[in-house]
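Results of the structural survey
Here's the letter readout for the chains.
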Amino acid sequence: MGTRRYILRKVLQALLTLAFVMVFNFFLFRVIPSDSLELLLPGTTAINPTNVEQLTQDLGLDKPLPQQFLIYAQDTLMLNFGDSFSLQGEDVKLVIYHRIWPTLLLVATSTIASAAIGLLIGIYGGWRRGSGFDVGSQVFTLFVYSMPEFWFGILVLMAFAQGVGPFPSLFPAGGYSTPGADLTGFAHVADVLNHLALPWFVLTIAFIGEYALIMRNSLIDVMNDHFVTTARAKGVREKQILWRHVVPNALLPTFTIVLLSLGFVFGGVIAIEYVFSYPGLGLLTVRAIKSQDFPLLQGLFLLFSAVVIVANLVADILYTYLDPRVRAG
């Protein structure tokens with residue numbers, strides 16, 4: 001019953017947080033100046049008070065604010081975000097749906113790779129604390145952790161897409177697949193992976209440092225616990241102490257960070273997709289900001305927030321089964 005109450009409390013907290021995000025999302029895009037409505041009129045339409053008033057009525061902005069919020073909340077619960085201003089009136093839900101898969105492919109694969117590499121670096125660095133590998137890995141992880149992603153992306157783009165000196169370009173400069181190439185089967189998969197290579201590499205390297213540093217510090221803390229000293233006193237081999245006792249306990253906080261960062265990476269991939277012109281949610285967000293496409297921005301903002309909230313909830317729930325101390329509490 002204690003675990004059930006804990007999970008129920010976390011679910012309620014997630015729902016309340018999501019509700020707050022919905023309210024914030026509603027008011028955030030209604031504090032814009034009224035003159036911005038003129039930007040939503042077609043280029044061939046004369047800008048006059050009559051047209052602006054008609055657009056205001058079409059958007060429901062002439063209704064009282066509480067009524068606007070009730071309509072917005074009902075539409076949001078039905079996943080109805082309205083029509084995009086900049087994409088010829090396309091449904092925002094469909095626009096996001098068609099762009100979410102490239103972002104999922106990029107984020108999921110890069111997160112798995114960066115977590116696996118970063119955890120291994122942190123494990124061996126923390127276990128051999130003070131060694132040459134530990135010092136070198138700290139220099140590397142601190143560097144990649146602190147470098148701006150867009151800056152690293154530009155360097156990679158110049159080196160591998162444009163070519164440096166006698167070295168030719170190796171990968172496409174952007175996009176998700178080759179335009180006009182009607183490829184199917186393995187050829188299509190190879191083409192997609194070829195376009196995915198550079199943004200995947202940049203995003204993977206950018207997050208290795210975070211996972212490695214957290215895992216190293218967590219491992220060092222666990223190594224100072226009494227059960228490690230007891231295992232050594234019993235004559236347990238060092239390799240067994242590391243993989244059977246130290247690593248499983250050190251993975252607990254790192255596991256939470258990986259899940260939480262997955263949510264933040266999903267929303268923070270904007271810079272990477274913009275640099276490589278990768279047609280995912282990040283590039284879509286930039287274009288929506290430039291064109292002041294408020295319905296599309298509302299849908300994207302809510303999606304990014306929901307991903308972070310759900311990732312946090314999943315981490316809290318799984319933590320109850322991974323750490324007996326949470327259930328005991």
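As a reminder, the structure under discussion sits directly above these lines.
Everything numeric here is computed off the predicted structure, so don't read it as measured data. (Residues numbered from 1 in each chain as written. Predicted model: local features only at pLDDT ≥ 70, side-chain atom pairs only at ≥ 80, totals over all residues. Heavy atoms only, no water.)

**Notes on the nonpolar core**
By size, the foremost hydrophobic cluster in this structure holds 50 residues, and its most contacted members are Leu203, Phe276, Leu281, Leu296 and Leu300. Here this core gets 10 residues from one element, more than from any other, and that element is helix α7 (residues 185-223). With near-sequence residues (within four places) excluded, Phe276 lies in contact with Gly153, Val156, Leu157, Ala173, Gly174, Gly175, Leu198, Pro199 and Val202. (Core = buried A, V, L, I, M, F, W, Y, C linked by side-chain atoms within 4.5 Å. Buried < 20%, exposed > 50% of the residue type's maximum accessible area, 1.4 Å probe, protein only. Helix = DSSP H or I, 4+ residues; strand = E, 2+ residues; numbered from the N terminus. Contact = heavy atoms within 4.5 Å.)

**Topic: unusual backbone geometry**
Within the chain, Leu79 stands out as a residue other than glycine whose phi angle is a positive 55°. Tracing the chain through its elements places Leu79 in the loop between α3 (65-77) and α4 (92-127). For Leu79, a relative accessible area of 46% corresponds to the partly exposed category. One non-glycine residue, Ser277, lies in the positive phi region at around 50°. Mapped onto the fold, Ser277 is located in the loop between α10 (270-275) and α11 (281-290). Look at Ser277 and you get partly exposed, because its relative accessible area is 41%.

**Things to note about empty space enclosed by the protein**
Overall, the coordinates contain one cavity of 30 Å³ or more when judged by the stated rule. Its boundaries defined by the atoms lining it, the largest cavity holds a volume of some 40 Å³. If you trace the largest cavity, you find it lined by Ile121, Gly122, Ser137, Gln138, Thr141, Ala212, Leu213 and Arg216. Mapped onto the lining of the largest cavity, the elements with two or more residues apiece are α4, α5 (132-146) and α7. Broken down by class, the residue content of the lining of the largest cavity amounts to three nonpolar, four polar and one charged. (1 Å grid on protein atoms, 1.4 Å probe; cavity = no way out; pocket = protein on both sides within 12 Å on 5 of 7 lines; lining within 4 Å. Points joined across faces, edges and corners; volume = space filled by probe spheres on them. Nonpolar A, V, L, I, M, F, W, Y, C, P; charged D, E, K, R; others polar.)

**Some points on helix α6 (residues 149-162)**
In this model, α6 (14 residues) spans 18 Å end to end at C-alpha, consistent with the 20 Å of a helix rising 1.5 Å per residue. Taken residue by residue, α6 has Phe152, Gly153, Val156 and Ala161 as its buried positions. Contact partners of the buried residues in α6: α7 and α10. (Expected span 1.5 Å × (residues − 1).)

**Quick word on the environment of Phe29**
Checked against the element boundaries, Phe29 lands in the loop between α1 (2-28) and α2 (49-58). Taking the C-alpha atoms as reference points, Phe29 and Pro295, separated by 266 residues in sequence, lie 8.8 Å from one another. Not counting residues up to four positions away in its chain, the partners in contact with Phe29 are Phe294, Leu297 and Gln298.

**Examining the layout of surface pockets**
Its volume calculated, the second largest pocket comes out at about 270 Å³. Forming the walls of the second largest pocket are Leu18, Met22, Thr76, Leu77, Leu79, Phe81, Lys93, Ile96, Gly299, Leu302, Leu303 and Ala306. Those elements giving two or more residues to the lining of the second largest pocket turn out to be α1, α3, α4 and α12 (294-322). Ranked by the residues each element gives to the lining of the second largest pocket, the list is headed by α12, at four residues. Along the lines of polarity and charge, the residues of the lining of the second largest pocket split into nine nonpolar, two polar and one charged.

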